[in-house]
Amino acid sequence: MSLLARLRAGQIFLKAYNVTDPDHQAGRTMRILHWIASLALCVMMLVVVGDVILRAVFNTPIQGAYDVVSISLLVMTVFGIAPVVAGRREIMIDLIDGFVSNTTIRVLAVIAALTGGMAFLFLGWAMITPALDAWRWGERSLELGMPKWPLWVVAFLGLVGILWAYLIQLRSNLRGAQDSAPGEDKS
Amino acid sequence: MSSFALGLGGIGLMLVMLAFRQPVWIALAVIGIAGNWTLNSLMTAKFTAGTTLFDVASNYNLSVIPLFVLMGEIASGSRMSAELFNAARVLLSGLRGGLSMASIASSGAFGAICGSSVATAASMTRIAMPEMNKAGYEPSYSAASVAAGGSLGILIPPSIILVIYGSITETSVARLFAASMIPGLVLLVLYILVAIWLAHRAGAAPLEAGASIGQRLSALKDPWQFVLLFVLTIGGIYAGVFSPTEAASVGAFGAIVLGFLKRTLDGARLIAAIQASVIVSCALFMIIIGATLFANFIVQTRLPDTLLQLAQDAELNVFVVMGLIIVIYIVLGCFLEGLGMVLITVPVFLPVVVGYGFDPIWFGVLVAVLVELGLITPPVGMNLFIIRAQVRELNIRQIYRGILPFLLAPVALIILMFVFPQLALWLPELFYN
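Residues numbered from 1 in each chain as written. Chains lettered and ligands numbered in written order. Predicted model: local features only at pLDDT ≥ 70, side-chain atom pairs only at ≥ 80, totals over all residues. Heavy atoms only, no water.

Trainee: When you look at the overall build of chain A in this model, what are you seeing that I'm missing?
Mentor: A count of helices and strands for chain A gives six helices and zero strands. Taken from N to C terminus, the helices and strands of chain A fall in the order α-α-α-α-α-α. Within chain A, buried positions represent 48% of all 187 residues. Within chain A, counting contacts between residues at least 6 apart in sequence, those at least 24 apart form 70% of the total. Surface summary for chain A: the accessible area is close to 9,200 Å², and the carbon and sulfur share equals 65%. (Helix = DSSP H or I, 4+ residues; strand = E, 2+ residues; numbered from the N terminus. Buried < 20%, exposed > 50% of the residue type's maximum accessible area, 1.4 Å probe, protein only. Contact = heavy atoms within 4.5 Å. Areas by Shrake-Rupley, 256 points an atom, 1.4 Å probe, with all protein chains shown as cover.)

What follows is the structure, given as structure tokens:
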């Protein structure tokens, strides 16, 4: 299968978040978010390289490269966190795995998904005021003088994706907890 | 309850959350938010949290993180790390524990173009672990070699931790990169000495056949693109041609071009590298967000100030104070993730260290060594978990057992840095004074 066909089928991106069915709605959403984050990373790299080359060769740096990099970083981060969450790639310590049952691990994973989701809900609630301030007071970026409120909208869109990812994680953990029969316990 | 007790309680609760499989970012963020709420009010906690995600996610200075991660992932995806390992294994063949030494040496070299300890450890686990298993190396010994070697990425420039240290202390990243080079190389040698010592235990590492001189000379030619990338990125920073973000971008782009020219990189691998960089970087950014919230709470409790005040009231001399700081770092490093540890501790300790007459650049390198120590210190050494995540058949307790002797190397380096501060200060003085 060609690279393009594999990309269309989502086989490359889906490996990252343990979603194997490309047609699955959750997988498709995460795939789109991961695409956006990846493109933002590429833009970040290319803008800086372009800036360096143009500055060195023609002494004309790209106007607003600083802003583009900051915006790309924001897009990459807010859209990239969702695939991390959906794939349960958050960094954690699994010291107790050898001492507790599978069911306990599943329950702790459910708690982590709930806590993580609630933490991001809190962050989202807390972000409303500074976002509204940015809109009301017309905050602008440093180099290009772009209004900042659209960037807050981007951050909120990413946040919706993150919360969606936590729902995926929670559902997956709950299913695992139900499937974990007592006979499967490691202890 | 006093703020001091609240701070201590918050740290204790955070450690409990970490022990009960809560992701690091959640433990930091939840304690940060809840602590701030308890100490002040819900509205204060909300106000603090409101801009944290946005500010961290759009901080230009932090853009160097995903770009260096991308450079490291592309270098891994284009088998550059494999070529380094293969060259090192040929050069060190015929020595007992040669593969282990090769993994440490190639990790150090790979760290010089990668900047991420995580990426170095992950890459070397994939490349070196199967080879060492095939050769009959003791699994705990091979895993520990990879973990120790992988941690060199944090000290040998470019180092993401040093970039973050530079941004929060307003010290020159270029000077920090120059300062960390010699200590990084000394640590590499120390790790190799430990590996040689351990290799001579019965059954730890079988002796392999040595390569001919011709093969050894030929092996030196293979990783030429590594030299090119190193000169381009670190050389560019040393020469003042590039800022760290520019060096990382140029390095990542250069790695892509070299990968395609050498046909070791194709479209699928490039996409996989970009995809992996996003995942790794965002996982790190989640921790930075959590650590920022946690640091805000800890600073408000004045816990670090109180602890330092206690030390000053006791009229402790400079070495006792530095010893205490190091012990605090080592203890924190046993439980905390490196980035969070730097974000929490450096703003508190740096004024004291400078006040006692130490150079902030020297302290930056010391912090990097201590974070590096934390990366391989049980129970929370991240490199140990990176290996554990990739080699599922390996028990975490086996890795813990294997890593203990390697901890002697960074401890020895810390002592050397106190005895010979020029280890860290000579190169910056040479380049920039």
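Trainee: I tried to follow the nonpolar core on my own but got confused; where do I start?
Mentor: For soluble globular proteins, the rule of thumb is that nonpolar side chains tend to be buried together. One finds Phe120(A), Ile65(B), Phe363(B) and Phe406(B) to be the most contacted residues of the largest nonpolar core, which totals 216 residues. Per-element accounting of this core gives the leading share, 18 residues, to helix H14 (residues 267-301) of chain B. (Core = buried A, V, L, I, M, F, W, Y, C linked by side-chain atoms within 4.5 Å.)

Trainee: Mind showing me how you'd approach the packing of aromatic side chains here?
Mentor: Two aromatic rings are characterised by how far apart their centres lie and by the angle between their planes. Tallied over the full model, the rule gives 16 aromatic pairs over all chains. When the ring of Phe120(A) is compared with that of Tyr166(A), the centres are 6.1 Å apart and the planes differ by 40 degrees; the resulting orientation is tilted. Taken as a pair, Phe120(A) in helix H5 (residues 102-136) and Tyr166(A) in helix H6 (residues 149-179) lie far apart in primary sequence, 46 residues in all. Residue Phe120(A) is classed as buried on the basis of its relative accessible area, which comes to 1%. Judged by centre distance (4.2 Å) and plane angle (5 degrees), the rings of Trp152(A) and Phe54(B) are stacked. With one member in each of two chains, Trp152(A) in helix H6 and Phe54(B) in helix H3 (residues 42-57) form a pair that bridges those chains. What links up through ring pairs into an aromatic cluster is the set Phe319(B), Phe358(B), Trp362(B) and Phe418(B). The ring of Trp125(A) has Lys46(B) lying over it, and the distance from NZ or CZ to the ring centre is 4.8 Å. (Phe/Tyr/Trp six-rings, centres within 6.5 Å; stacked < 30°, edge-to-face > 60°. Lys NZ or Arg CZ within 6 Å of the ring centre and 35° of its normal.)

Trainee: What's the story with helix H2 (residues 24-39) of chain B in this structure? I'm lost.
Mentor: Along an α-helix, residues three or four apart share an orientation, since each turn contains 3.6 residues. For H2(B), built from 16 residues, the straight-helix expectation of 22 Å at 1.5 Å per residue is met to within 8% by its first-to-last C-alpha distance of 22 Å. Listed as buried for H2(B) are Val24(B), Trp25(B), Ile26(B), Ala27(B), Leu28(B), Ala29(B), Ile31(B), Gly32(B), Ile33(B), Gly35(B) and Asn36(B). (Expected span 1.5 Å × (residues − 1).)

Trainee: Looking at this model, I keep getting lost on the environment of Ser141(A). Mind explaining?
Mentor: Residues and elements named next belong to chain A. By the element assignment, Ser-141 lies in the loop between H5 and H6. A relative accessible area of 10% means that Ser-141 is categorised as buried. Apart from the residues lying within four places of it in its own chain, the contact partners of Ser-141 are Asp-67, Met-146 and Lys-148.

Trainee: Looking at this model, I keep getting lost on the interface of chain A and chain B. Mind explaining?
Mentor: One frequent convention defines the size of an interface as the accessible area lost when the parts assemble. Across the contact, 63 residues belong to chain A and 62 residues belong to chain B. Here chain A meets chain B over a buried area of about 5,600 Å², counting both sides, of which 81% is carbon and sulfur. The largest per-residue losses of area from chain A upon contact with chain B belong to Met45(A), Ile91(A) and Ile93(A), which jointly make up 13% of the total buried on that side. Between the two partners, chain A and chain B, sit one salt bridge. Notably, a salt bridge pairs Glu246(B) with Arg55(A), separated by 2.8 Å at the nearest N-O pair. For the pair chain A and chain B, the interface holds eight residue pairs in polar contact (both at pLDDT 80 or more). For the side of chain A that touches chain B, the secondary structure elements donating two or more residues are helix H1 (3-9), helix H2 (11-14), helix H3 (25-58), helix H4 (65-86), H5 and H6 of chain A. Counting residues per element, the side of chain A that touches chain B draws most heavily on H5(A), at 15 residues. A per-class count over the side of chain A that touches chain B returns 47 nonpolar, nine polar and seven charged. (Buried area = accessible area lost by both parts, 1.4 Å probe. Salt bridge = Lys/Arg side-chain N within 4 Å of Asp/Glu carboxyl O. Polar contact = N/O pair within 3.5 Å; in protein donor to acceptor, adjacent residues only side chain to side chain. Nonpolar A, V, L, I, M, F, W, Y, C, P; charged D, E, K, R; others polar.)

Trainee: Which parts of the structure should I look at to understand the confidence of the model for chain A?
Mentor: A low pLDDT means the predicted coordinates there should not be read in detail. Residue and element names in this part refer to chain A. Mean pLDDT over chain A stands at 83; residues scoring 70 or higher make up 80%. Across chain A, the element-wise mean pLDDT spans from 43 in H2 up to 96 in H4. pLDDT under 50 marks residues 1-23. Its contacts with residues more than four places away, or in other chains, come to 50 contacts. Ignoring residues within four places in sequence, the model shows residues 180-187, a span with pLDDT below 50, making 14 contacts including any to other chains. (pLDDT = per-residue confidence, 0-100.)

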